[in-house]
Amino acid sequence: MTNFNLNQAQLSERLLLLQKLDLEYSNHKATQHRPNRETKLLNTIALLLSTGRPGDHFAAAFDKRQGLEVILAKNGTPTSEDIADAKELFSCLCNPEISNPRDLYPFVSRRCRASVLKRIQKLRASIVDTGFYNEFYSRLDQYPSARDLLSPDVIEQEFPEDEDAIEDEFVGMPLSVVLRDLLEGTIGVTSVSEVPNLDEFVDIHTLASTLGDSSFMQEWIIMREVGYQKAKRFQQCRQKLSRYIDDVHSLIRGAKRLGGVIKYRWVTDESLGIQAREEDIRIHAATPEEAAHRASVLSSQQLEELKERKPSLVEPWQRTVHSCIHAEIRIILHFGRVSMQGMSGRFQPIGLSKSSCLCCVLWIAAHNIRGGIWWQTRSRNKPDPTWAFTARACPNVQGLALATFDEKVISGVLRWLQLRYESGTEFRKDLYQIVEDDGALNADDLAVVVAAALTSTRKGDGKAIVYSVLGQ
Ligand SMILES: [Zn+2]
């Protein structure tokens, strides 16, 4: 294996460069399967801890080895505010008087203030800034049942998810008027500069969800008719906002089912024995172009072409990066090398407040091929320059080849940089294959992967994993 120097400044510089290349990441999903119930609950815990402030990223996992415990982690070490708020959240979840998302909204509107506000503003922008508004009316003009007066039957057909809620209010009105009122109503209630109170928030959720669930909207997207991407963008924004009601509802129900006190624990610098804490990394290259030269993955001709496409590559750029061990990595380090005894399944989900970054995915892929648990996170493989090496920071973690995983990240980032340039937005290489690019799987690794695939709890996962590792 190549002897890499685990140079943090060099890695941060390459990640910054990848970020600067500003490629399209929306089609890159390392995880293709739908999240199961456990993953959804963990994602919701991470969502509720997330303030929306830059860099505030949280992860959660279940530790079932001795009863059930929720393990929490943050990018970097949690603050006293994080610790106090998590205590309040779990106390609310165990409180018999908290029975629905409305009861938890005082916590949400305080802790997640910036995030909630951002999502409301994005929802509004998806209507008024993207051209969706005009497309909506032109489609409505041509919609065959637009002039139908709403009877209970038509309501059932047009609003299958929300028929009970809207029946009284809208019976006898033309469908076009109702859909128009829902759209204009959503625009009205999302015009906010501060986080709304409970009633206002419920109004936003009700109006946007009723519109989003309507057959008018659903068919538009399914049939991929003119302007459907704008309609889809609206749907994505309203679904993200709805998580504070719908997903929180599922979490509260899940907590009730468990009954009693839910144990939880933070992964801290102290618990991991982290010695190199968060640090400000000085970037050596004065420009992205210099960083590209130093990375030596592109020929001079390729670099010239790139400069023509992106003139900003020669301009001065960010020179400092604040690096830390990312939340999902902290969760895995907390578990260490675990024998399968006491674990209910080899596949363990980690819930996240935002998708895993490129380095976390590469590190987890390297770990999974050799570790005891196959950790699953969602990802769009975006580069994040704040990613910190694990071997130097955590000398006390036993049983995991941290330096090897870190090395796989370095080689993976270089390969990613090269392949991204070569294939642009059409890039489809699997990250598991990149991890193995500088060394084929040995028989032991392969046996572990195949065993992992065969013990997968979900149909189809195993095959996909084997194929992805083998690069077929
Ligand atoms: Zn990460």
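Here the structure is a predicted model, which means the values were calculated and not measured. (Residues numbered from 1 in each chain as written. Predicted model: local features only at pLDDT ≥ 70, side-chain atom pairs only at ≥ 80, totals over all residues.)

**Let's talk about the sheet that holds strand β7 (residues 351–352)**
Pairing within the open sheet is mixed, and its four strands lie in the order β3-β2-β1-β7. The outermost strands of the open sheet, each flanked by one partner alone, are β3 (263–266) and β7. Inspection of the sheet shows strand β1 (residues 58–63) paired to strand β2 (residues 69–74) by six bridges, in the antiparallel sense. Bridging across to β2, Asp-63 finds its partner in Glu-69. Sheet strands touched by helix α2 (residues 37–49): β1, β2 and β7. Its angle to β1, the strand with the most contacts, is close to 140°. Packed onto the sheet, helix α17 (residues 327–335) meets β1, β2 and β7 and runs at close to 135° relative to β2. (Pairing = 2+ DSSP bridges. Helix = DSSP H or I, 4+ residues; strand = E, 2+ residues; numbered from the N terminus. Contact = placed C-beta atoms within 7 Å. Axes fitted to C-alpha atoms, helices over the stretch in contact; angles between N-to-C directions.)

**So, the packing of helix α10 (residues 198–213) against helix α12 (residues 228–242)**
Between two packed helices, what matters for the description is the angle formed by their axes and the separation of those axes. Between α10 and α12, the shortest axis-to-axis distance is 10 Å and the interhelical angle comes to 135°. In terms of orientation, α10 lies oblique with respect to α12. The handedness of the crossing between α10 and α12 is left-handed. Along its contact with α10, which presents His-205, Ala-208, Ser-209 and Gly-212, the element α12 presents Gln-235, Arg-238, Leu-241 and Ser-242. Per-class residue counts for the contact of α10 with α12 are two nonpolar, five polar and one charged. (Parallel < 35°, antiparallel > 145°, perpendicular 65-115°, else oblique. Left-handed = near helix turned anticlockwise from the far one by under 90°. Nonpolar A, V, L, I, M, F, W, Y, C, P; charged D, E, K, R; others polar.)

**Comments concerning the confidence of the model for the protein chain**
Residues of the protein chain with pLDDT of at least 70 account for 82%, and the chain-wide mean is 84. Low pLDDT, under 50, characterises residues 1–5; the stretch is placed with five contacts to residues that sit more than four places away or in other chains. In this model residues 27–31 is a low-confidence stretch, pLDDT under 50, and it forms 11 contacts with partners more than four residues away in sequence or in other chains. (pLDDT = per-residue confidence, 0-100.)

**Details of the environment of Val-128**
Structurally, Val-128 can be placed in helix α5 (residues 113–128). On the neighbour-count criterion, Val-128 (12 C-beta atoms within 10 Å) is exposed. Sequence separation between Val-128 and Ile-187 is 59 residues, and the spatial gap between their C-alpha atoms is 7.9 Å. Setting aside its immediate chain neighbours within four residues, Val-128 contacts Tyr-133 and Ile-187. (Buried ≥ 20, exposed ≤ 12 C-beta atoms within 10 Å, placed from the backbone.)

**Section: the environment of Leu-42**
The residue Leu-42 is located in helix α2 in this model. You can call Leu-42 buried: it has 26 C-beta atoms within 10 Å. Residues Leu-42 and Ile-71, spaced 29 residues apart in sequence, show a C-alpha to C-alpha distance of 9.7 Å.

**Notes on the pairing of β2**
Of all the six residues making up β2, five are buried; the element is thus mostly covered by neighbouring parts of the structure. The antiparallel pairing of β1 with β2 creates a hairpin that spans five residues between the two strands, and Gly-67 there sits at a positive phi of about 70°. Pairing of β2 with β3 involves four bridges; the strand directions are parallel. Counted as the bridge partner of Leu-72 is Trp-266 from β3.

**Some details on the nonpolar core**
Ala-59 and Ala-60 are the most contacted members of the largest nonpolar core, which has 106 residues in total. Tallying contributions element by element places helix α18 (residues 358–370) first for this core, with 10 residues. Built from parts of two domains, this core gets at least three residues from each of domain 1 (1–30 + 58–77 + 268–431) and domain 2 (101–258). Setting aside anything within four residues of it in sequence, one finds Ala-59 in contact with Ala-46, Ala-73, Ala-327, Glu-328, Ile-331, Ile-350, Gly-351 and Leu-352. (Core = buried A, V, L, I, M, F, W, Y, C linked by C-beta atoms within 7 Å. Domains from an automatic or database assignment.)

**A word on α5**
What sets the pattern is the α-helix's 3.6 residues per turn: residues three or four places apart point alike. Along its 16 residues, α5 runs 23 Å from first to last C-alpha, staying within 8% of the 22 Å computed at 1.5 Å per residue. For α5, the complete set of buried residues consists of Ser-115, Val-116, Arg-119, Ile-120, Leu-123, Arg-124, Ser-126 and Ile-127. Among the structural elements, α4 (101–111), α6 (132–142), α9 (175–189), α10 and α12 are those in contact with the buried residues of α5. (Expected span 1.5 Å × (residues − 1).)

**Section: helix α15 (residues 288–295)**
Regarding α15, the residues found buried are Pro-288, Glu-289, Ala-291 and Ala-292. Projected onto a plane normal to the axis of α15, the buried residues spread over an arc of 160° and lie on a single side. The secondary structure elements touched by the buried residues of α15 are α1 (8–21) and α16 (300–309). One or two positions beyond α15, positive phi appears at Ser-296, with a value near 50°. (Arc of directions from axis to C-beta.)

**Examining unusual backbone geometry**
For residues besides glycine, phi is generally negative; the peptide bonds are generally trans as well. Even without being a glycine, Ser-296 presents a positive backbone phi close to 50°. Since 8 C-beta atoms lie within 10 Å of it, Ser-296 is described here as exposed. Phi is positive for Asn-381, close to 60°, though the residue is something other than glycine. Here Asn-381 lies in strand β10 (residues 379–382). The buried category is assigned to Asn-381, around which 21 C-beta atoms lie within 10 Å.

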